[in-house]
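# Understanding the architecture of this molecule
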Amino acid sequence: MVHETFHVFDTTLRDGAQREGINLTVADKLAIARHLDDFGVGFIEGGWPGANPRDTEFFARARQEIAFKNAQLVAFGATRRAGGSAADDLQIKALLDSGAPVITLVAKSHDRHVDLALRTTLDENLEMVRDTVSYLCSKGRRVFVDCEHFFDGYKANPGYALAVVRAAHEAGADVVILCDTNGGMLPAQVQAVLSTVLDDTEARLGIHAQDDTGCAVANTLAAVDAGATHVQCTANGYGERVGNANLFPVVGALELKYGKKVLPDGALAEMTRISHAIAEVVNLTPSTHQPYVGVSAFAHKAGLHASAIKVDPDLYQHIDPEQVGNTMRMLVSDMAGRASIELKGKELGVDLGGDRELVGRVVERVKERELAGYTYEAADASLELLLRAEGLGCPDMFFELESWRVISEGGNGKQGQETEAAVKLVAQGRRSTAVAEGNGPVNALDQALRDALQHVYPVVHRFELVDYKVRILEGHRGTGARIRVLISVTDGHDVWHTVGVADNIIAASCEALRESYTYGLLHGAPQAVESTPDCTLTITLDNTPGALRRVTSTLGTIPVTRLSYAATVSPQATARITVPRINAARARGKLNRLVEVLAIVDGTDRL
């Protein structure tokens with residue numbers, strides 16, 4: 001939303017895209033532009049039309065596909081070439097052809113850059129600024145001028161840096177932006193220089209700060225204190241090297257600390273969502289510790305803090321997190337006290353009822369588990385299951401995992417690695433066995449658990465592992481160290497996190513997977529399938545190496561509730577595989593395709 005008294009200018013699509021690891025498609029840029037417009041920034045710098053086909057296409061499509069509600073689209077370019085004229089410059093023509101109502105020009109304001117980079121005279125550089133700005137204004141465009149390397153240029157030659165500001169302003173530039181291009185300034189320096197420039201010129205000034213000293217947000221706010229009425233930022237601080245001034249802390253400070261109305265009504269409460277949505281588009285994990293919008297921005301761990309927050313959350317929070325669309329979180333660790341546990345229980349929907357004995361028992365249990373290597377700060381789902389087990393007196397048992405086995409084979413003569421997992425479990429009173437292959441032990445184990453459960457709990461087919469982290473807990477023991485596994489699982493709507501710890505990486509993974517399935521079933525309102533008659537297929541087959549594995553692999557996702565195998569008269573063997581009656585015909589059809597299978601006899605076996 002364009003507030004003429006104060007501008008919020010976003011350059012994520014141009015300057016932010018220069019961050020290492022970001023490579024935006026046109027579709028990505030359009031998606032981010034929509035998010036920024038929803039947030040309510042006044043200006044969105046879309047890129048440099050004419051410099052590359054992608055930016056040219058973006059401006060063409062943005063005109064057709066986005067009906068901006070709050071923002072004006074800005075095209076970025078440079079002043080005309082030395083010795084030429086703006087009217088004949090092809091790059092200037094491309095800026096006009098973009099259709100953008102606002103154009104930002106980058107101009108050299110450091111005398112050394114004029115000499116070494118532009119290879120022209122100081123006077124010619126001033127004429128390039130005047131000619132380009134006046135020409136674009138004559139074509140009905142609003143013009144902003146970025147004075148590149150201004151602060152370093154002001155240190156070296158203050159008179160010339162000021163001359164560039166005056167040239168831009170007198171030629172018709174609406175705002176002249178002082179750029180800390182190298183990011184080396186500190187807040188007091190920015191404030192002093194900008195105050196001086198305001199006193200020495202009549203230009204409206206803005207600020208563009210890089211974050212090389214970690215001061216980009218502070219420098220931006222220092223410029224506002226000195227009189228700047230235009231701030232340039234990028235979403236989540238994306239940008240070249242270490243980044244730019246972060247849009248969200250700057251806007252949060254302007255709205256909540258300065259009392260400046262720079263966003264439409266209700267937009268500030270969307271800030272966390274917008275931040276995370278843009279992070280998803282650029283395919284970067286959102287920073288958990290980012291001010292205002294990070295998931296840890298209002299997270300409290302120490303017991304002393306939690307005790308105070310139980311009385312009044314404002315005692316340890318600078319704002320109400322709901323103002324920016326975030327939430328307060330209580331972290332539970334070996335530093336946790338009673339207040340932390342009670343508040344976390346309420347957050348997770350497990351009310352411990354103020355029972356001091358129960359809360360004390362849970363605190364001791366958490367500390368005991370963390371001493372063994374567990375961590376619940378990033379595993380809320382595991383913590384909820386622990387709280388429910390202690391608070392309700394019994395764990396949530398949707399299934400009992402009786403045993404599991406994982407086999408991985410590899411060698412010089414093999415194309416990759418073969419991995420197979422088998423599990424035995426009891427769900428809803430029925431024993432189920434499943435064998436599955438995967439591209440690794442965890443994938444195979446996950447698939448086997450899914451196959452064993454889905455004929456009882458069909459909802460598990462929606463569960464998908466989306467993140468997997470491993471950490472050794474005792475570095476001095478090398479590969480014999482205790483292992484902690486953290487996994488994240490989604491059902492397409494929510495994401496939950498569980499933890500497993502063991503001396504064996506597969507055992508730790510199995511524990512985390514078991515808890516993730518339990519949590520998903522707890523919150524997914526599972527509907528158990530009613531028990532149906534099973535069918536036992538008695539198979540006579542050639543007793544060749546790997547025959548049984550090929551049989552179980554051929555069955556794929558058909559659930560197996562019982563499996564036995566015995567060699568009879570060499571070279572034959574007998575396998576008995578029990579499957580739900582409704583799957584018997586499909587299983588028989590699949591097995592008949594195997595050359596090893598000599599005969600199949602079926603019958604009904606009610607379990």
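The structure we're discussing is the one just above.
Just so you know, these numbers come straight off a predicted model, no measurement behind them.

## Considerations on the environment of Leu 162
Here Leu 162 is to be found in helix H7 (residues 158-171). C-alpha of Leu 162 to C-alpha of Thr 196: the two residues are 34 residues apart in sequence and 9.8 Å apart in space.

## Some words on the pairing of strand E15 (residues 483-490)
Counting buried positions over the 8 residues of E15 gives 8, a clear majority of the element. Burial of E15 is two-sided: the residues Ile 483, Val 485, Ile 487 and Val 489 facing one way and the residues Arg 484, Leu 486, Ser 488 and Thr 490 facing the other way are all buried. Both strand E14 (residues 464-472) and E15 contribute to a ladder of 8 bridges, which runs antiparallel. Across the sheet, the residue bridging to Leu 465 is Val 489, located in E15. Relative to strand E16 (residues 495-502), E15 runs antiparallel, the two being bridged by 8 bridges. Of the residues in E16, the one forming a bridge with Leu 486 is Val 499. Where E15 hands over to E16, the hairpin turn is made up of 4 residues, of which Gly 492 adopts a positive phi near 95°.

## Quick look at the packing of aromatic side chains
For any two aromatic rings, the description comes down to two numbers: the centre-to-centre distance and the angle of the planes. Under the criterion given, the structure shown has 12 aromatic pairs. A centroid spacing of 5.2 Å and a plane angle of 80° characterise the contact between Trp 48 and Phe 76, whose relative ring orientation is edge-to-face. With a gap of 28 residues between them, Trp 48 in the loop between strand E2 (43-47) and helix H2 (53-65) and Phe 76 in strand E3 (residues 72-78) connect regions that are remote in the sequence. A relative accessible area of 27% means that Trp 48 is categorised as partly exposed. For Phe 76, a relative accessible area of 5% corresponds to the buried category. An aromatic cluster of at least three residues, connected via ring pairs, comprises Phe 463, Trp 496, Tyr 517 and Tyr 519.

## Topic: unusual backbone geometry
The residue Arg 119 is not glycine, and still its phi comes out positive at about 55°. Within the secondary structure layout, Arg 119 lies in the loop between helix H4 (111-118) and helix H5 (122-138). Not every positive phi belongs to a glycine, and Asn 236 is a case in point at roughly 60°. Turning to its location among the elements, Asn 236 is positioned in the loop between strand E8 (230-233) and helix H10 (247-256).

## With respect to the nonpolar core
Ranked by size, the top nonpolar core spans 92 residues in total, and within it Phe 39, Phe 58, Phe 150, Val 165, Val 197, Val 231 and Leu 247 carry the most contacts. The greatest single-element share of this core, amounting to 8 residues, is contributed by H7. Residues contacting Phe 58, with those up to four places away along its chain left out, are Leu 13, Val 26, Lys 29, Leu 30, Ala 33, Gly 46 and Leu 73. Of all hydrophobic cores here, the second largest spans 39 residues; its members include Ala 381, Val 456, Ile 483 and Ala 502.

## What about the pairing of strand E12 (residues 418-427)?
Taken across its 10 residues, E12 has 7 buried, putting it largely inside the fold. Where strand E11 (residues 400-409) lies against E12, 9 bridges are found, and the strand directions are antiparallel. Bridge pairing in E12 links Ser 408 to Thr 419. Strand direction decides the pairing type here: E12 and strand E13 (residues 430-438), joined by 9 bridges, are antiparallel. The residue of E13 that forms the bridge with Ala 421 is Ala 436.

## Some thoughts on the sheet that holds E11
With antiparallel pairing, the 3 strands of this open sheet are ordered in space as E11-E12-E13. Each edge of the open sheet carries a strand with a single partner, namely E11 and E13. Strand-to-strand twist of the sheet, defined as the mean angle between neighbouring strand axes without regard to direction, takes the value 10°.

## Regarding the side chain of Glu 255
In this structure, Glu 255 sits in helix H10. No salt bridge is formed by the buried Glu 255; the nearest opposite charge belongs to Lys 261, separated by 4.7 Å. In terms of polar contacts, Glu 255 uses its side chain to reach the backbone amide nitrogen of Val 262, at 2.9 Å. From its side chain, Glu 255 meets the backbone nitrogen of Leu 263 in a polar contact 2.9 Å long. In this structure, Glu 255 is in contact with Lys 260, Lys 261, Val 262, Leu 263 and Leu 268, ignoring residues within four places of it in sequence.

Cut-offs and rules
Residues numbered from 1 in each chain as written. Predicted model: local features only at pLDDT ≥ 70, side-chain atom pairs only at ≥ 80, totals over all residues. Heavy atoms only, no water. Helix = DSSP H or I, 4+ residues; strand = E, 2+ residues; numbered from the N terminus. Buried < 20%, exposed > 50% of the residue type's maximum accessible area, 1.4 Å probe, protein only. Pairing = 2+ DSSP bridges. Phe/Tyr/Trp six-rings, centres within 6.5 Å; stacked < 30°, edge-to-face > 60°. Core = buried A, V, L, I, M, F, W, Y, C linked by side-chain atoms within 4.5 Å. Contact = heavy atoms within 4.5 Å. Axes fitted to C-alpha atoms, helices over the stretch in contact; angles between N-to-C directions. Lys, Arg positive; Asp, Glu negative; His and termini not counted. Salt bridge = Lys/Arg side-chain N within 4 Å of Asp/Glu carboxyl O. Polar contact = N/O pair within 3.5 Å; in protein donor to acceptor, adjacent residues only side chain to side chain.

These results come straight from atomic positions and should not be treated as a statement about function.
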